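Topology and contacts: notes
Spelled out from the first residue to the last, the chains are:
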Amino acid sequence: MTSPFTMQEPRRFATAATLAAALTFGLATQGLAQVPEPQQPPKQVRLVVPFAPGGAVDALARVLSQSFAEDLKQTVIVENKPGAGGNLAAELVAKSAPDGSTILLGTNGTHATNAALFKSIPFDPVADFTPIGLAVSIPHVVVVNADLPIRSIAELIQYGKDKPDALLFGSAGNGSSLHLAGELFGSMAQIQLRHVPYRGGAPAVIDLIAGRTSLMFGVVPLVLPHIKSGKLRALAVTGKNRITQLPDVPTVAEAGLPGYEATAWIGLLAPAKTPQPIVNAVNQGLRTAITRSDVRKSLEAQGFEIDPGTPEDFAAFMRNETAKWGEVVRRSGASLN
């Protein structure tokens, strides 16, 4: 996340008709007769991914690129711009022309937690962007080492109360959604969870299996094979709904901690002052794409939950997420400076 940006080889894909229509809408100019005159559509559109290839955000871009391969209208470049927890990509888009030529795959990091985790960021996550739509949410799975005598959320909470400071939870790093999910859990359950940050989720899982930590709030693709093998025990999922891969595993709220919900998420954002016709049409293109049966199946297999909505829904969602996780960050003392 802190490595310098190097330009990736562009990956081209075709947009669906709805997205193409969005990108050909221009900022209307008004003549004396007040007749809108659309500006020229951008010749090339950048879909900016704030992390390196191979992660969840890039995976979504790849799935969307496949679904957008109908009715070629114009060229879209997927540009990976990692660095500073997504801030470099967000800054690039914030400072781009509001003409539909540059779109960000924003995350809970760039638009909910980074403002609290960093002393300063080079953009305003509200004022510098126009929300287009929430694409997916990514629930985590609460897993424990299989040798621990813990088989439910209620038993986990009781264990934490009986043995203060005994529960160590690993995460993909300070300020990650896996870290903050654990901090929120400990606060709501009124137990002490000792955080052990790793440089990525994979080494955290390795140490959990080895018994060097007690539990983890893990992403589905990473922990699911070990749940199936019996090396890890799934207690609950952190979203508002159960997931298809683990239909018998309850949500944390169902399992004994009402009101708990913690997910990562990904959505589309444009620069501030992007014309509403562009925003509306791209939103419709996104919703059409991710609700197609083949795309839905592909996304759900990767642990994504399909959660489309309007631009207004997304704006309200981000306001709530910013307030919620900003408080969690402040209570935990987490920092990325």
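The structure under discussion appears in the preceding block.
The notes below deal with the structure included here.

So, how was this worked out
Residues numbered from 1 in each chain as written. Predicted model: local features only at pLDDT ≥ 70, side-chain atom pairs only at ≥ 80, totals over all residues. Heavy atoms only, no water. Helix = DSSP H or I, 4+ residues; strand = E, 2+ residues; numbered from the N terminus. Buried < 20%, exposed > 50% of the residue type's maximum accessible area, 1.4 Å probe, protein only. Areas by Shrake-Rupley, 256 points an atom, 1.4 Å probe, with all protein chains shown as cover. Core = buried A, V, L, I, M, F, W, Y, C linked by side-chain atoms within 4.5 Å. Contact = heavy atoms within 4.5 Å. Expected span 1.5 Å × (residues − 1). Arc of directions from axis to C-beta.

Turning next to the overall build of the protein chain. Looking only at helices and strands, the protein chain has eleven helices and 13 strands in total. For the protein chain, with 337 residues in total, the buried portion stands at 52%. Approximately 14900 Å² of the protein chain is accessible, and the part contributed by carbon and sulfur atoms is 53%.

Here we take up the nonpolar core. By size, the foremost hydrophobic cluster in this structure holds 47 residues, and its most contacted members are L156, F185, L215, F217 and Y260. Those residues in contact with F217 that lie beyond four places of it in its chain are H140, V141, V142, F169, G170, L178, A181, G182, F185, L193, T238 and Y260. Counting residues in each nonpolar core, the second largest holds 30 residues, with V45, A61, A135 and V136 among its members.

The end-to-end C-alpha distance of helix α11 (residues 311-332) is 31 Å, a good match for the 32 Å that 22 residues give at a rise of 1.5 Å each. Those residues of α11 not exposed but buried are P311, F314, A315, M318, E321, W325, G326, V328 and V329. The buried residues of α11 all sit within an arc of 160 degrees when viewed along its axis, so they share a single face. Of the exposed residues in α11, those oriented more than 90 degrees away from the buried face are E312, R319, N320 and R330. Residues of α11 that are buried sit in contact with α4 (108-117), β7 (129-145), α6 (177-189), β12 (263-271) and α9 (276-290). Backbone geometry just after α11 places G333 at a positive phi near 80 degrees.

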